[in-house]
Amino acid sequence: QVQLVESGGGLVQAGGSLRLSCAASGSDFSIKAMGWYRQAPGKQRELVAIITSGDSSNYADSVKGRFTISRDSAKNTQYLQMNSLKPEDTAVYYCYCNALRHIYTFQYWGQGTQVTVSA
């Protein structure tokens, strides 16, 4: 089993910044990719950004140029630096991890952290 612990959400004014962190822990696993999804009230969960073990990253069009995903492989931790935040970025942000355990791949989710951007 892999556990994901998120931190860094909160309330910020439009134009401000926040940094989310997500640490993965467990035994006998290797991370293939980590990422962030978000879900706003009444909307479907959507991909925000993802980074692979080879450091290839991809972003939703709505956050390109404002958000940066990064990782520290030694700590099994990923980060999402969010700049120039907008009210429409308000959502619960979920950490995601695709991990290889033995010969199988599994998807894991964090508990979610609230990000609220005031106008």
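The preceding data block contains the structure.
What this report covers is the structure whose coordinates are included nearby. Residue positions are given per chain, counted from 1 along the sequence in the order it is written. With the structure being a predicted model, the display of local features is reserved for residues of pLDDT at least 70 and the display and counting of side-chain atom pairs for 80 or more, all residues being used for whole-chain, interface and lining totals. With hydrogens and water set aside, each side-chain value is computed from the structure's full complement of heavy atoms.

## Here we look at the state of the cysteines
So, point 1. The disulfide criterion is simple: two cysteine sulfur atoms within 2.5 Å. A complete count under the given rule lists one disulfide for this structure.
So, point 2. Two residues, Cys22 and Cys95, share a disulfide whose sulfurs are 1.9 Å apart. Torsion about the S-S bond of the Cys22 and Cys95 cystine: about -80 degrees, corresponding to left-handed handedness. Note that Cys22 is positioned in strand S3 (residues 18–26) and Cys95 in strand S9 (residues 91–101), a separation of 73 residues in sequence.
So, point 3. Left without a disulfide partner, Cys97 is nearest to the cysteine sulfur of Cys95, which lies 6.8 Å away. Counting from the N terminus, the helices are the DSSP runs of H or I reaching at least four residues and the strands are the DSSP runs of E reaching at least two.

## Focus: unusual backbone geometry
So, point 1. Look at Asp28: it is not a glycine, yet its phi comes out positive at around 55 degrees.
So, point 2. Secondary-structure assignment places Asp28 in the loop between S3 and strand S4 (30–39).
So, point 3. Notably, Asn76 is not glycine yet its phi reads approximately 50 degrees, a positive angle.
So, point 4. Relative to the elements of secondary structure, Asn76 occurs in the loop between strand S7 (67–72) and strand S8 (77–82).

## Observations regarding the packing of aromatic side chains
So, point 1. The aromatic pairing rule takes the rings of Phe, Tyr and Trp, using the six-membered ring of Trp, and pairs them if the centres are within 6.5 Å, calling planes under 30 degrees apart stacked, those over 60 edge-to-face and the rest tilted. With the rule as written, the count across this model stands at four aromatic pairs.
So, point 2. Taking 6.2 Å as the distance between ring centres and 40 degrees as the angle between the ring planes, the aromatic pair formed by Phe106 and Tyr108 counts as tilted.
So, point 3. When a residue's accessible area, from a 1.4 Å probe over protein chains only, is under 20% of the maximum for its type it is buried; when over 50% it is exposed; and in between it is partly exposed. Classification of Phe106 by relative accessible area gives partly exposed; the value is 35%.
So, point 4. One Lys or Arg, Arg19, reaches over the ring of Tyr79 and ends 4.1 Å from the middle of that ring. As a reminder, the over-ring test applies to NZ of lysine and CZ of arginine, requiring each to be within 6 Å of the ring centre and within 35 degrees of the ring normal.

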